[in-house]
Amino acid sequence: MRWSAVWSGSLAGLVIALAASDIIATSLFFWDFASSHSDRLTQAVSIICYAGAGGWAAVKSRSYGWLHGAAAASGFVLLGVVLGLVAFTGPLAIGPLAGKMALAAMVGALAGILAVNL
């Protein structure tokens, strides 16, 4: 496994998340979106970040796209948790974290397969 590819994929997911958050915040400020749309937008951005992290890691590794994609997307979730624990106080809920990790691994693996083969 190429850990440099996994690390760069996790960082690519973080960059995608920051850029998408800026776009969503700006659009919510200038246009009158209902708060019900923000939950769907947040979930869509999460899935795009998982796919971006997995795809980037797979392209960088050039082999075993599913493995590198799943590891990078899971690493992105862990990176987000660590940054969240540093920035905010409060307890860490393990249940939702496990669900996010599973979803990230599945989406990252699929994106890794597609990125290596396309």
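Residues numbered from 1 in each chain as written. Predicted model: local features only at pLDDT ≥ 70, side-chain atom pairs only at ≥ 80, totals over all residues. Heavy atoms only, no water.

S.K.: Help me understand the overall build of the protein in this model?
M.R.: On a plain count of helices and strands, the protein comes out with 4 helices and 0 strands. Secondary structure elements of the protein, listed N to C terminal, follow the sequence α-α-α-α. On C-alpha atoms alone, the protein measures out to a radius of gyration of 15 Å, which is about the 13 Å that the 2.2 N^0.38 rule sets for 118 residues. Its C-alpha atoms put the protein at 45 × 35 × 20 Å along the principal axes. Counting across all 118 residues of the protein, residues that qualify as buried make up 31%. For the protein, the share of sequence-separated contacts (at least 6 apart) that also reach a separation of at least 24 residues comes to 80%. Carbon and sulfur atoms make up 73% of the accessible area of the protein, which amounts to about 7400 Å² in all. (Helix = DSSP H or I, 4+ residues; strand = E, 2+ residues; numbered from the N terminus. Rg over C-alpha atoms; globule rule 2.2 N^0.38 Å. Buried < 20%, exposed > 50% of the residue type's maximum accessible area, 1.4 Å probe, protein only. Contact = heavy atoms within 4.5 Å. Areas by Shrake-Rupley, 256 points an atom, 1.4 Å probe, with all protein chains shown as cover.)

S.K.: Please clarify how unusual backbone geometry should be interpreted in this entry.
M.R.: Leaving glycine aside, a negative phi is the common case for residues, and trans is the common case for peptide bonds. Although it is not a glycine, R62 adopts a positive phi angle of roughly 65°. Along the chain, R62 turns up in the loop between α2 (35-61) and α3 (65-87). The phi angle at Y64 is positive, at roughly 50°, despite the residue not being glycine. If you trace the backbone, Y64 turns up in the loop between α2 and α3.

S.K.: Would you take a moment to explain the packing of helix α1 (residues 3-30) against α3 for this structure?
M.R.: A pair of packed helices can be characterised by two numbers: the angle between their axes and the separation between those axes. One way to put it is that α1 packs onto α3 with a least axis distance of 8 Å and a crossing angle of 55°. Considering their axes alone, α1 and α3 lie oblique with respect to each other. As α1 packs across α3, the resulting crossing turns out to be right-handed. Residues A5, V6, G9, S10, L11, G13, L14 and A17 of α1 lie in contact with α3, whose contacting residues are H68, A71, A72, G75, F76, L79 and L83. (Axes fitted to C-alpha atoms, helices over the stretch in contact; angles between N-to-C directions. Parallel < 35°, antiparallel > 145°, perpendicular 65-115°, else oblique. Left-handed = near helix turned anticlockwise from the far one by under 90°.)

What is shown is where atoms sit, not what they do.
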